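Descriptive structure summary
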Amino acid sequence: MTGPVRTRLTRLAPLVGGIVLLAAGCASNAPQDTLKPVGPQAKQIHNLVLPVFGVAGIVFVVILGGALWISIKFRAKDDDDFNAFPEQVHGHFKMEIGWTILPAAILLVVAAFTVLTIFDLAKEPKDPIRVEVIGQQWWWEYRYDLNDDGKFDEIITANDLVIPTGRNIALRIKSRDVIHSWWAPRLNGKRDAVPGRTHPLTINAPKAGEYIGQCTEFCGLSHAEMRIKVVAVSPDDFESWTEAQQARVWNPTDEQAIEGWKIFASTCTSCHQVRGMNDPAAVEGETSPSESTTPFEFPSQVNQVAGALPDLTHFMSRSTFAGAKFDLRKDTKECNALGLNWASTEEGIAKCLNRSDLEAWLRNAPEMKAMYPGETMSPQSRGMPNFDLTEEQIDQLVAYLITLK
Ligand SMILES: [Cu+2]
(Lines give C-alpha, C1' and ligand atoms only; values in the text may rest on other atoms or scores of the structure.)
Protein backbone atom coordinates (compact mmCIF):
# COMPACT_ATOMS: atom_id res chain seq x y z
CA MET A 1 0.00 0.00 0.00
CA THR A 2 1.27 3.45 -0.78
CA GLY A 3 1.65 6.15 1.84
CA PRO A 4 -1.40 8.37 1.24
CA VAL A 5 -3.78 5.40 0.86
CA ARG A 6 -2.59 3.97 4.13
CA THR A 7 -3.00 7.33 5.87
CA ARG A 8 -6.53 7.63 4.57
CA LEU A 9 -7.32 4.11 5.80
CA THR A 10 -5.84 4.92 9.21
CA ARG A 11 -8.08 7.95 9.37
CA LEU A 12 -11.10 5.85 8.49
CA ALA A 13 -10.37 3.24 11.18
CA PRO A 14 -12.01 5.08 14.10
CA LEU A 15 -15.09 5.72 11.97
CA VAL A 16 -15.39 2.08 10.95
CA GLY A 17 -14.73 0.99 14.53
CA GLY A 18 -17.43 3.35 15.76
CA ILE A 19 -19.97 2.06 13.26
CA VAL A 20 -19.21 -1.56 14.21
CA LEU A 21 -19.64 -0.72 17.90
CA LEU A 22 -22.88 1.11 17.20
CA ALA A 23 -24.21 -1.80 15.14
CA ALA A 24 -23.28 -4.23 17.94
CA GLY A 25 -25.64 -2.27 20.19
CA CYS A 26 -28.54 -3.18 17.92
CA ALA A 27 -28.48 -6.98 18.41
CA SER A 28 -32.12 -8.00 18.27
CA ASN A 29 -32.12 -10.86 20.78
CA ALA A 30 -29.67 -9.56 23.37
CA PRO A 31 -30.73 -11.19 26.65
CA GLN A 32 -29.34 -8.40 28.82
CA ASP A 33 -31.04 -5.47 27.12
CA THR A 34 -31.94 -2.73 29.61
CA LEU A 35 -34.12 -1.16 26.95
CA LYS A 36 -36.49 -4.14 27.13
CA PRO A 37 -37.61 -3.81 30.74
CA VAL A 38 -39.76 -6.47 32.39
CA GLY A 39 -41.81 -5.86 35.51
CA PRO A 40 -42.80 -2.70 37.39
CA GLN A 41 -39.36 -1.89 38.85
CA ALA A 42 -37.50 -2.02 35.57
CA LYS A 43 -40.33 -0.16 33.82
CA GLN A 44 -40.18 2.61 36.38
CA ILE A 45 -36.47 3.06 35.68
CA HIS A 46 -37.21 2.96 31.97
CA ASN A 47 -39.83 5.69 32.35
CA LEU A 48 -37.20 7.88 33.97
CA VAL A 49 -34.45 7.06 31.50
CA LEU A 50 -36.42 7.90 28.38
CA PRO A 51 -37.29 11.57 29.19
CA VAL A 52 -33.83 12.19 30.70
CA PHE A 53 -32.29 10.75 27.57
CA GLY A 54 -34.56 13.02 25.53
CA VAL A 55 -33.50 16.13 27.47
CA ALA A 56 -29.83 15.10 27.27
CA GLY A 57 -30.29 14.50 23.55
CA ILE A 58 -31.71 17.99 23.00
CA VAL A 59 -28.85 19.54 25.00
CA PHE A 60 -26.37 17.47 23.00
CA VAL A 61 -27.80 18.54 19.65
CA VAL A 62 -28.12 22.22 20.61
CA ILE A 63 -24.63 22.52 22.13
CA LEU A 64 -22.77 20.47 19.55
CA GLY A 65 -24.80 21.85 16.68
CA GLY A 66 -24.17 25.37 17.96
CA ALA A 67 -20.45 24.76 18.35
CA LEU A 68 -20.28 23.29 14.87
CA TRP A 69 -22.33 26.11 13.34
CA ILE A 70 -20.22 28.79 15.07
CA SER A 71 -16.92 27.20 14.06
CA ILE A 72 -18.02 27.05 10.44
CA LYS A 73 -19.71 30.43 10.25
CA PHE A 74 -16.94 32.33 12.03
CA ARG A 75 -13.96 30.37 10.72
CA ALA A 76 -10.90 32.41 9.76
CA LYS A 77 -10.82 33.67 6.21
CA ASP A 78 -7.70 34.41 4.20
CA ASP A 79 -8.06 38.19 4.52
CA ASP A 80 -8.71 38.13 8.31
CA ASP A 81 -6.39 40.03 10.59
CA PHE A 82 -5.02 37.17 12.70
CA ASN A 83 -3.68 39.49 15.39
CA ALA A 84 -7.02 41.12 16.13
CA PHE A 85 -8.97 39.95 19.23
CA PRO A 86 -12.59 38.99 18.65
CA GLU A 87 -15.21 40.97 20.54
CA GLN A 88 -15.17 39.93 24.26
CA VAL A 89 -18.35 39.01 26.17
CA HIS A 90 -16.73 38.69 29.60
CA GLY A 91 -18.91 40.34 32.23
CA HIS A 92 -22.07 40.11 30.14
CA PHE A 93 -24.43 39.85 33.09
CA LYS A 94 -27.57 38.57 31.37
CA MET A 95 -25.73 35.90 29.40
CA GLU A 96 -23.85 34.66 32.46
CA ILE A 97 -27.00 34.43 34.53
CA GLY A 98 -28.70 32.66 31.63
CA TRP A 99 -26.10 29.95 31.14
CA THR A 100 -25.91 29.33 34.87
CA ILE A 101 -29.63 29.16 35.55
CA LEU A 102 -30.74 27.15 32.56
CA PRO A 103 -28.45 24.11 33.15
CA ALA A 104 -29.11 24.31 36.89
CA ALA A 105 -32.86 24.25 36.23
CA ILE A 106 -32.54 21.29 33.86
CA LEU A 107 -30.43 19.35 36.38
CA LEU A 108 -32.82 20.22 39.20
CA VAL A 109 -35.80 18.79 37.32
CA VAL A 110 -33.85 15.64 36.37
CA ALA A 111 -32.63 15.27 39.97
CA ALA A 112 -36.13 15.66 41.40
CA PHE A 113 -37.54 12.85 39.27
CA THR A 114 -34.45 10.68 39.87
CA VAL A 115 -34.63 11.03 43.65
CA LEU A 116 -38.39 10.34 43.64
CA THR A 117 -37.79 7.17 41.61
CA ILE A 118 -34.96 6.04 43.88
CA PHE A 119 -37.15 6.45 46.99
CA ASP A 120 -40.04 4.71 45.32
CA LEU A 121 -37.91 1.74 44.27
CA ALA A 122 -36.42 1.46 47.75
CA LYS A 123 -39.84 1.03 49.36
CA GLU A 124 -40.57 -2.28 51.05
CA PRO A 125 -42.63 -4.23 48.49
CA LYS A 126 -46.07 -5.66 49.26
CA ASP A 127 -46.43 -9.36 50.02
CA PRO A 128 -42.94 -10.36 48.95
CA ILE A 129 -41.07 -13.63 48.84
CA ARG A 130 -37.79 -13.01 50.63
CA VAL A 131 -34.59 -14.35 49.17
CA GLU A 132 -31.06 -13.82 50.36
CA VAL A 133 -28.56 -13.40 47.55
CA ILE A 134 -24.96 -14.10 48.51
CA GLY A 135 -22.15 -13.23 46.15
CA GLN A 136 -19.00 -15.27 46.38
CA GLN A 137 -15.97 -15.68 44.14
CA TRP A 138 -17.40 -16.62 41.61
CA TRP A 139 -21.01 -17.66 41.90
CA TRP A 140 -24.28 -16.60 43.55
CA GLU A 141 -26.04 -18.45 46.31
CA TYR A 142 -29.80 -18.06 46.89
CA ARG A 143 -31.45 -18.77 50.23
CA TYR A 144 -35.22 -18.54 50.63
CA ASP A 145 -37.23 -17.58 53.68
CA LEU A 146 -40.56 -19.10 52.73
CA ASN A 147 -42.24 -19.06 56.16
CA ASP A 148 -41.22 -15.49 57.03
CA ASP A 149 -39.41 -16.45 60.22
CA GLY A 150 -36.44 -14.30 59.34
CA LYS A 151 -34.24 -17.34 58.72
CA PHE A 152 -33.17 -18.00 55.18
CA ASP A 153 -32.90 -21.73 55.47
CA GLU A 154 -35.86 -23.34 53.75
CA ILE A 155 -34.19 -23.53 50.37
CA ILE A 156 -30.49 -23.22 49.60
CA THR A 157 -29.49 -23.23 45.99
CA ALA A 158 -27.08 -21.65 43.53
CA ASN A 159 -26.89 -20.21 40.02
CA ASP A 160 -30.58 -20.33 39.06
CA LEU A 161 -32.81 -17.93 41.00
CA VAL A 162 -36.25 -19.49 40.62
CA ILE A 163 -39.19 -17.12 41.20
CA PRO A 164 -42.95 -17.23 40.59
CA THR A 165 -44.36 -14.84 38.00
CA GLY A 166 -46.16 -11.72 39.19
CA ARG A 167 -44.87 -11.81 42.76
CA ASN A 168 -42.60 -9.23 44.35
CA ILE A 169 -39.30 -10.86 45.22
CA ALA A 170 -37.52 -8.97 47.99
CA LEU A 171 -33.84 -9.73 47.57
CA ARG A 172 -31.31 -9.11 50.34
CA ILE A 173 -27.97 -8.84 48.66
CA LYS A 174 -24.84 -9.80 50.58
CA SER A 175 -21.30 -10.98 50.01
CA ARG A 176 -19.06 -13.54 51.69
CA ASP A 177 -15.79 -12.15 50.40
CA VAL A 178 -15.21 -9.14 48.16
CA ILE A 179 -17.57 -6.60 46.60
CA HIS A 180 -19.79 -8.03 43.85
CA SER A 181 -22.81 -6.52 42.17
CA TRP A 182 -26.03 -8.29 41.28
CA TRP A 183 -27.59 -7.18 38.02
CA ALA A 184 -30.32 -8.73 35.91
CA PRO A 185 -30.70 -5.80 33.49
CA ARG A 186 -34.24 -6.50 32.34
CA LEU A 187 -35.60 -6.73 35.90
CA ASN A 188 -34.07 -3.86 37.86
CA GLY A 189 -30.92 -1.80 38.32
CA LYS A 190 -27.62 -2.93 39.80
CA ARG A 191 -27.14 -3.50 43.50
CA ASP A 192 -23.72 -3.96 45.09
CA ALA A 193 -23.03 -6.94 47.32
CA VAL A 194 -20.76 -5.55 50.02
CA PRO A 195 -19.28 -7.70 52.80
CA GLY A 196 -20.90 -6.89 56.14
CA ARG A 197 -23.87 -5.12 54.60
CA THR A 198 -27.31 -6.12 53.35
CA HIS A 199 -28.72 -4.28 50.37
CA PRO A 200 -32.36 -4.66 49.38
CA LEU A 201 -33.56 -4.95 45.78
CA THR A 202 -37.01 -5.89 44.49
CA ILE A 203 -37.72 -7.72 41.27
CA ASN A 204 -40.98 -8.87 39.76
CA ALA A 205 -41.27 -10.76 36.49
CA PRO A 206 -44.84 -10.84 35.16
CA LYS A 207 -43.92 -13.19 32.33
CA ALA A 208 -42.45 -16.68 32.63
CA GLY A 209 -38.99 -16.95 31.15
CA GLU A 210 -35.30 -16.72 31.81
CA TYR A 211 -33.67 -13.41 32.58
CA ILE A 212 -29.92 -13.30 32.28
CA GLY A 213 -27.52 -11.09 34.17
CA GLN A 214 -24.02 -10.93 35.51
CA CYS A 215 -21.84 -9.66 38.31
CA THR A 216 -20.99 -6.06 37.46
CA GLU A 217 -18.36 -5.24 40.04
CA PHE A 218 -14.88 -6.50 39.26
CA CYS A 219 -14.34 -9.19 41.87
CA GLY A 220 -11.33 -11.18 40.76
CA LEU A 221 -10.05 -13.30 37.93
CA SER A 222 -13.34 -15.00 37.13
CA HIS A 223 -15.51 -11.90 37.47
CA ALA A 224 -16.73 -12.13 33.88
CA GLU A 225 -17.75 -15.74 34.50
CA MET A 226 -19.96 -14.96 37.45
CA ARG A 227 -23.29 -15.01 35.74
CA ILE A 228 -26.90 -14.73 36.87
CA LYS A 229 -29.99 -16.55 35.69
CA VAL A 230 -33.44 -15.67 36.97
CA VAL A 231 -35.96 -18.34 36.08
CA ALA A 232 -39.54 -17.09 36.34
CA VAL A 233 -42.16 -19.85 36.39
CA SER A 234 -45.91 -20.00 36.97
CA PRO A 235 -47.02 -19.93 40.63
CA ASP A 236 -48.01 -23.60 40.37
CA ASP A 237 -44.63 -24.63 39.03
CA PHE A 238 -43.00 -22.56 41.74
CA GLU A 239 -45.06 -24.35 44.36
CA SER A 240 -43.91 -27.77 43.16
CA TRP A 241 -40.35 -26.54 42.84
CA THR A 242 -40.28 -25.36 46.47
CA GLU A 243 -41.70 -28.70 47.58
CA ALA A 244 -39.04 -30.60 45.67
CA GLN A 245 -36.30 -28.35 47.05
CA GLN A 246 -37.43 -29.00 50.61
CA ALA A 247 -37.81 -32.73 50.11
CA ARG A 248 -34.99 -34.83 51.43
CA VAL A 249 -32.56 -36.66 49.20
CA TRP A 250 -31.87 -40.35 49.65
CA ASN A 251 -28.53 -42.04 49.45
CA PRO A 252 -28.08 -44.01 46.24
CA THR A 253 -28.81 -47.68 45.70
CA ASP A 254 -27.03 -48.12 42.39
CA GLU A 255 -23.55 -49.63 42.74
CA GLN A 256 -21.71 -47.10 40.61
CA ALA A 257 -23.46 -44.23 42.37
CA ILE A 258 -22.53 -45.72 45.75
CA GLU A 259 -18.87 -45.67 44.70
CA GLY A 260 -19.41 -42.01 43.73
CA TRP A 261 -21.02 -41.38 47.13
CA LYS A 262 -17.90 -42.73 48.85
CA ILE A 263 -15.60 -40.44 46.88
CA PHE A 264 -17.94 -37.55 47.55
CA ALA A 265 -18.02 -38.25 51.29
CA SER A 266 -14.23 -38.37 51.48
CA THR A 267 -13.17 -35.68 49.02
CA CYS A 268 -15.98 -33.22 48.41
CA THR A 269 -17.84 -32.72 51.69
CA SER A 270 -15.11 -30.51 53.09
CA CYS A 271 -16.57 -27.86 50.81
CA HIS A 272 -19.96 -29.01 49.50
CA GLN A 273 -23.02 -30.04 51.42
CA VAL A 274 -25.67 -32.55 50.54
CA ARG A 275 -28.23 -32.16 53.29
CA GLY A 276 -29.53 -35.51 54.45
CA MET A 277 -26.35 -37.53 53.92
CA ASN A 278 -26.05 -37.90 57.67
CA ASP A 279 -29.45 -39.42 58.24
CA PRO A 280 -29.04 -43.02 59.49
CA ALA A 281 -32.02 -44.11 57.41
CA ALA A 282 -30.67 -42.45 54.37
CA VAL A 283 -31.84 -44.97 51.79
CA GLU A 284 -35.36 -44.62 50.52
CA GLY A 285 -37.75 -47.15 52.00
CA GLU A 286 -35.45 -48.16 54.86
CA THR A 287 -36.05 -47.19 58.43
CA SER A 288 -32.71 -48.14 59.96
CA PRO A 289 -29.22 -49.01 58.71
CA SER A 290 -29.57 -52.60 59.96
CA GLU A 291 -32.29 -53.24 57.38
CA SER A 292 -30.04 -52.06 54.63
CA THR A 293 -30.35 -54.01 51.42
CA THR A 294 -27.77 -51.95 49.57
CA PRO A 295 -24.29 -53.37 49.00
CA PHE A 296 -22.88 -50.66 51.26
CA GLU A 297 -23.66 -49.59 54.76
CA PHE A 298 -23.74 -45.82 54.80
CA PRO A 299 -22.01 -44.35 57.85
CA SER A 300 -24.26 -42.25 60.03
CA GLN A 301 -21.79 -39.38 60.16
CA VAL A 302 -20.29 -37.69 57.17
CA ASN A 303 -18.05 -34.82 58.08
CA GLN A 304 -19.61 -31.88 56.26
CA VAL A 305 -17.72 -28.86 57.38
CA ALA A 306 -18.22 -25.85 55.17
CA GLY A 307 -21.60 -25.36 53.62
CA ALA A 308 -20.41 -22.07 52.21
CA LEU A 309 -19.86 -23.48 48.72
CA PRO A 310 -22.52 -24.51 46.21
CA ASP A 311 -25.01 -26.67 48.08
CA LEU A 312 -25.44 -29.78 45.96
CA THR A 313 -28.51 -31.26 47.70
CA HIS A 314 -30.77 -30.70 44.69
CA PHE A 315 -28.02 -30.08 42.16
CA MET A 316 -29.94 -31.65 39.29
CA SER A 317 -32.82 -29.18 39.59
CA ARG A 318 -30.61 -26.44 38.17
CA SER A 319 -30.10 -25.61 34.56
CA THR A 320 -26.58 -24.24 34.98
CA PHE A 321 -23.53 -24.74 37.16
CA ALA A 322 -20.32 -22.99 38.22
CA GLY A 323 -21.68 -19.47 38.41
CA ALA A 324 -24.13 -20.18 35.57
CA LYS A 325 -21.19 -20.28 33.18
CA PHE A 326 -21.99 -23.80 32.01
CA ASP A 327 -25.28 -25.41 31.09
CA LEU A 328 -26.15 -28.41 33.19
CA ARG A 329 -29.27 -28.93 31.11
CA LYS A 330 -28.33 -28.86 27.43
CA ASP A 331 -29.42 -25.63 25.82
CA THR A 332 -31.69 -27.14 23.16
CA LYS A 333 -35.32 -26.35 22.50
CA GLU A 334 -36.39 -29.82 23.55
CA CYS A 335 -34.43 -29.79 26.81
CA ASN A 336 -35.36 -26.23 27.72
CA ALA A 337 -39.00 -27.19 27.25
CA LEU A 338 -38.62 -29.73 30.08
CA GLY A 339 -38.05 -26.75 32.38
CA LEU A 340 -37.13 -27.25 36.02
CA ASN A 341 -38.04 -30.93 35.98
CA TRP A 342 -35.70 -31.86 33.19
CA ALA A 343 -33.76 -34.32 35.37
CA SER A 344 -36.72 -36.00 37.05
CA THR A 345 -36.71 -38.91 34.61
CA GLU A 346 -33.98 -41.23 33.33
CA GLU A 347 -34.76 -40.17 29.76
CA GLY A 348 -34.52 -36.51 30.64
CA ILE A 349 -31.07 -37.04 32.08
CA ALA A 350 -29.95 -39.23 29.20
CA LYS A 351 -31.09 -36.67 26.65
CA CYS A 352 -30.38 -33.39 28.38
CA LEU A 353 -27.50 -33.71 30.83
CA ASN A 354 -24.52 -31.72 29.60
CA ARG A 355 -22.28 -34.56 30.64
CA SER A 356 -19.19 -33.37 28.82
CA ASP A 357 -18.91 -30.06 30.65
CA LEU A 358 -19.79 -31.64 33.99
CA GLU A 359 -17.12 -34.30 33.52
CA ALA A 360 -14.62 -31.69 32.40
CA TRP A 361 -15.40 -29.72 35.56
CA LEU A 362 -14.65 -32.72 37.76
CA ARG A 363 -11.56 -33.57 35.70
CA ASN A 364 -9.95 -30.15 36.12
CA ALA A 365 -12.12 -27.30 37.35
CA PRO A 366 -9.32 -24.66 37.36
CA GLU A 367 -8.96 -25.16 33.64
CA MET A 368 -12.64 -24.38 33.10
CA LYS A 369 -12.66 -21.04 34.87
CA ALA A 370 -9.87 -18.63 35.69
CA MET A 371 -9.84 -19.19 39.40
CA TYR A 372 -6.53 -19.32 41.08
CA PRO A 373 -3.07 -18.48 39.89
CA GLY A 374 -0.94 -21.49 40.76
CA GLU A 375 -0.97 -25.27 40.64
CA THR A 376 -1.15 -25.46 44.42
CA MET A 377 -3.83 -24.11 46.73
CA SER A 378 -2.63 -20.94 48.43
CA PRO A 379 -4.57 -19.34 51.27
CA GLN A 380 -5.85 -16.81 48.74
CA SER A 381 -7.01 -19.49 46.34
CA ARG A 382 -10.68 -19.56 45.54
CA GLY A 383 -12.69 -21.93 43.45
CA MET A 384 -12.62 -25.66 43.09
CA PRO A 385 -9.26 -27.45 42.91
CA ASN A 386 -8.15 -30.21 40.57
CA PHE A 387 -8.36 -33.55 42.39
CA ASP A 388 -6.59 -35.64 39.73
CA LEU A 389 -9.56 -37.99 39.64
CA THR A 390 -9.43 -41.00 37.33
CA GLU A 391 -11.98 -41.38 34.53
CA GLU A 392 -13.59 -44.19 36.50
CA GLN A 393 -13.96 -41.98 39.57
CA ILE A 394 -15.43 -39.22 37.44
CA ASP A 395 -18.04 -41.61 36.04
CA GLN A 396 -18.86 -42.76 39.56
CA LEU A 397 -19.19 -39.19 40.80
CA VAL A 398 -21.49 -38.26 37.92
CA ALA A 399 -23.56 -41.38 38.67
CA TYR A 400 -23.93 -40.07 42.21
CA LEU A 401 -24.54 -36.44 41.30
CA ILE A 402 -27.43 -37.35 39.01
CA THR A 403 -29.25 -38.86 41.99
CA LEU A 404 -29.37 -35.40 43.62
CA LYS A 405 -32.70 -34.29 42.18
CU1 LIG B 1 -18.53 -10.95 41.38
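As the structure is a prediction and not an experimental result, all values here were calculated from the model.

**Overview of helix α2 (residues 39-73)**
Counted at 1.5 Å a residue, the expected span for α2 with its 35 residues is 51 Å, and the 49 Å between its end C-alpha atoms agrees. By the criterion of burial, α2 is predominantly exposed, with just three of the 35 residues buried. Tucked inside the fold, the buried residues of α2 contact α3 (93-122) and β8 (199-203).

**Side note on the nonpolar core**
Among the nonpolar cores identified, the biggest contains 68 residues, and Val 133, Val 162, Leu 171, Leu 187, Ala 205 and Val 230 are the most heavily contacted of them. Both domain 1 (129-235) and domain 2 (255-283 + 298-371 + 386-401) contribute no fewer than three residues apiece to this core. Not counting the four nearest positions on each side in its chain, Val 230 is found in contact with Leu 161, Ile 163, Ala 184, Leu 187, Ala 205, Glu 210 and Tyr 211.

**Some details on the pairing of strand β5 (residues 169-175)**
Counting buried positions over the seven residues of β5 gives six, a clear majority of the element. Bridge analysis of strand β1 (residues 129-136) against β5 gives seven bridges, and the strand direction is parallel. Across the sheet, the residue bridging to Val 131 is Leu 171, located in β5. When β5 meets β8, the two strands line up antiparallel, connected through five bridges.

**Focus: the domain arrangement of the chain**
The domain architecture assigned to the chain consists of domain 1 (129-235) and domain 2 (255-283 + 298-371 + 386-401). Using only C-alpha atoms to locate each centre, domain 1 and domain 2 end up separated by 22 Å. Counting residues at the interface gives 17 residues for domain 1, matched by 16 residues for domain 2. Ranked by the residues each element gives to the side of domain 1 that touches domain 2, the list is headed by strand β10 (residues 227-233), at four residues.

Procedures and definitions
- Residues numbered from 1 in each chain as written.
- Predicted model: local features only at pLDDT ≥ 70, side-chain atom pairs only at ≥ 80, totals over all residues.
- Helix = DSSP H or I, 4+ residues; strand = E, 2+ residues; numbered from the N terminus.
- Expected span 1.5 Å × (residues − 1).
- Buried ≥ 20, exposed ≤ 12 C-beta atoms within 10 Å, placed from the backbone.
- Contact = placed C-beta atoms within 7 Å.
- Core = buried A, V, L, I, M, F, W, Y, C linked by C-beta atoms within 7 Å.
- Domains from an automatic or database assignment.
- Pairing = 2+ DSSP bridges.

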